[in-house]
Amino acid sequence: MIPFRAPWLLGTLGCYDCCVRCLGGVPYVSLVATLLCFSGVALFCGCGHQALAQTETLIETYFSRNSDDHANLFTFIEYFQYVIYGLAAFFFLYCILLLAEGFYTTSAVKQTFGEFRSTQCSRCLSTTFVVVTYILAVVWLIIFVCSALPVYFFYNMSYTCHTINILSETTASITQHAWVCIDARQYGLLPWNTVPGKLCGSTLTSTCKTSEFFVTYDLYVAAFAGAGITLLAMFVYVISTTYNFAVLRFLGRKGIRC
């Protein structure tokens, strides 16, 4: 006796099986890495671009009176802002390619599509992704370290202002803390002949209370966090692409139709 099944139940089961089959072919590791990479690159590029623009205002207003002294620094900032545009465009396209490669390899592992074969071209392409991703991970490690330098400078500036405030509360004489300074020339931001090049005492504390300082500091911290998120995404991509390469190489040796 054939059991009775309602037509709507058959349709429901068919849709459920289709969804399970589709979800089984999703490269979750590559998907998580792509989301991390998008968010990290967007945070680094957006906040970093605006932080550099705020840095120009801060230096021109408080640290350098002669435009010739900070001309080279402003030129470097302008060029680096264009590099940020290129980074955003490149990583958007590259992450899409890595995600597509993850979909292909996951489908190969699940043996979902019977007409695809692990070819020499696909293994060569997967090897290329592994090598490029390793190189990009090293590059982002360098970017992560370099993005910590402006955070270090602004942290020192904030800490120096805090020290001056403590000294001003404990001592009656202003001359006790008038020689506590932050010198931008010591960090290589400006040449040694820049005037004034440094901020001291009450001038420094008043600068620390301005909106330019707070906004620039927060933007550099956000850019540093974005670089860290992107570096984490690169490490996840390294794991993902290495696994995908191993899978394609195994299928190529076995001659399995994927």
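Residues numbered from 1 in each chain as written. Predicted model: local features only at pLDDT ≥ 70, side-chain atom pairs only at ≥ 80, totals over all residues. Heavy atoms only, no water.

- Naming follows an unreviewed UniProt entry, where the protein chain appears as Proteolipid protein 1 of Paramormyrops kingsleyae.
- The UniProt entry for the protein chain carries this comment under Subcellular location (unreviewed entry): "Membrane". (UniProt positions renumbered as here; feature names shortened; annotations may be inferred.)

## Points about the overall build of the protein chain
- Counting its secondary structure elements, the protein chain contains six helices and two strands.
- When the elements of the protein chain are put in sequence order from the N terminus, they spell out α-α-α-α-β-β-α-α.
- Among the 258 residues that make up the protein chain, the fraction classed as buried is 38%.
- Within the protein chain, contacts between residues at least 6 apart in sequence are counted, and of these 83% link residues at least 24 apart.
- In the structure as shown, the protein chain presents an accessible area of about 15,000 Å², 69% of it carried by carbon and sulfur atoms. (Helix = DSSP H or I, 4+ residues; strand = E, 2+ residues; numbered from the N terminus. Buried < 20%, exposed > 50% of the residue type's maximum accessible area, 1.4 Å probe, protein only. Contact = heavy atoms within 4.5 Å. Areas by Shrake-Rupley, 256 points an atom, 1.4 Å probe, with all protein chains shown as cover.)

## Section: a nonpolar patch on the surface
- Taken together, the side chains of Y28, L31 and L35 present a nonpolar region at the surface, about 300 Å² in accessible area.
- Within the secondary structure layout, Y28 lies in helix 2 (residues 28-63).
- Overall, the relative accessible area of 48% leaves Y28 in the partly exposed class. (Patch = residues over 30% accessible without salt bridge, like charges linked within 9 Å, V, L, I, M, F, W, Y side chains within 5 Å. Salt bridge = Lys/Arg side-chain N within 4 Å of Asp/Glu carboxyl O.)

## Considerations on the environment of G46
- Within the fold, G46 resides in helix 2.
- Spatially, the C-alpha atom of G46 lies 9.3 Å from that of A222, the residues being 176 residues apart in sequence.

## Thoughts on the UniProt feature "transmembrane region" (unreviewed entry) in the protein chain
- Per the UniProt annotation, the sites labelled "transmembrane region" (unreviewed entry) are residues 82-104, 125-155 and 219-247.
- Secondary structure content for residues 125-155 is 100% helix and 0% strand, while the C-alpha to C-alpha distance between its ends is 44 Å.

## Thoughts on helix 5 (residues 201-208)
- Where helix 5 is concerned, the buried positions are G201, L204, T205, T207 and C208. Take helix 5 and look down its axis: the buried residues cluster within an arc of 160 degrees, on one side only. (Arc of directions from axis to C-beta.)

## Things to note about the nonpolar core
- One finds W140 and M157 to be the most contacted residues of the largest nonpolar core, which totals 49 residues.
- Taken together, the elements giving at least two residues each to this core come down to helix 2, helix 3 (71-110), helix 4 (120-170), helix 5 and helix 6 (211-254).
- Per element, the largest residue contribution to this core is 12 residues, and it comes from helix 6.
- Leaving out residues up to four positions away in the same chain, W140 has contacts with V41, F44, F91, A227, T230, L231 and M234. (Core = buried A, V, L, I, M, F, W, Y, C linked by side-chain atoms within 4.5 Å.)

## A short note on the pattern of salt bridges
- Enumeration according to the criterion identifies one salt bridge in this entry.
- With its nearest N and O atoms 3.0 Å apart, the salt bridge here joins R185 to D183. Like R185, the residue D183 is buried in the burial classification.

## Notes on the packing of aromatic side chains
- Under the definition given, this model contains 19 aromatic pairs.
- Ring geometry for F91 versus W140: centroids 5.5 Å apart, planes at 70 degrees, classification edge-to-face. One end of the pair, F91, is in helix 3; the other, W140, is in helix 4, and 49 residues separate them in sequence.
- By relative accessible area, which is 2% here, F91 ends up buried.
- When its relative accessible area of 0% is taken as the criterion, W140 is described as buried. (Phe/Tyr/Trp six-rings, centres within 6.5 Å; stacked < 30°, edge-to-face > 60°.)

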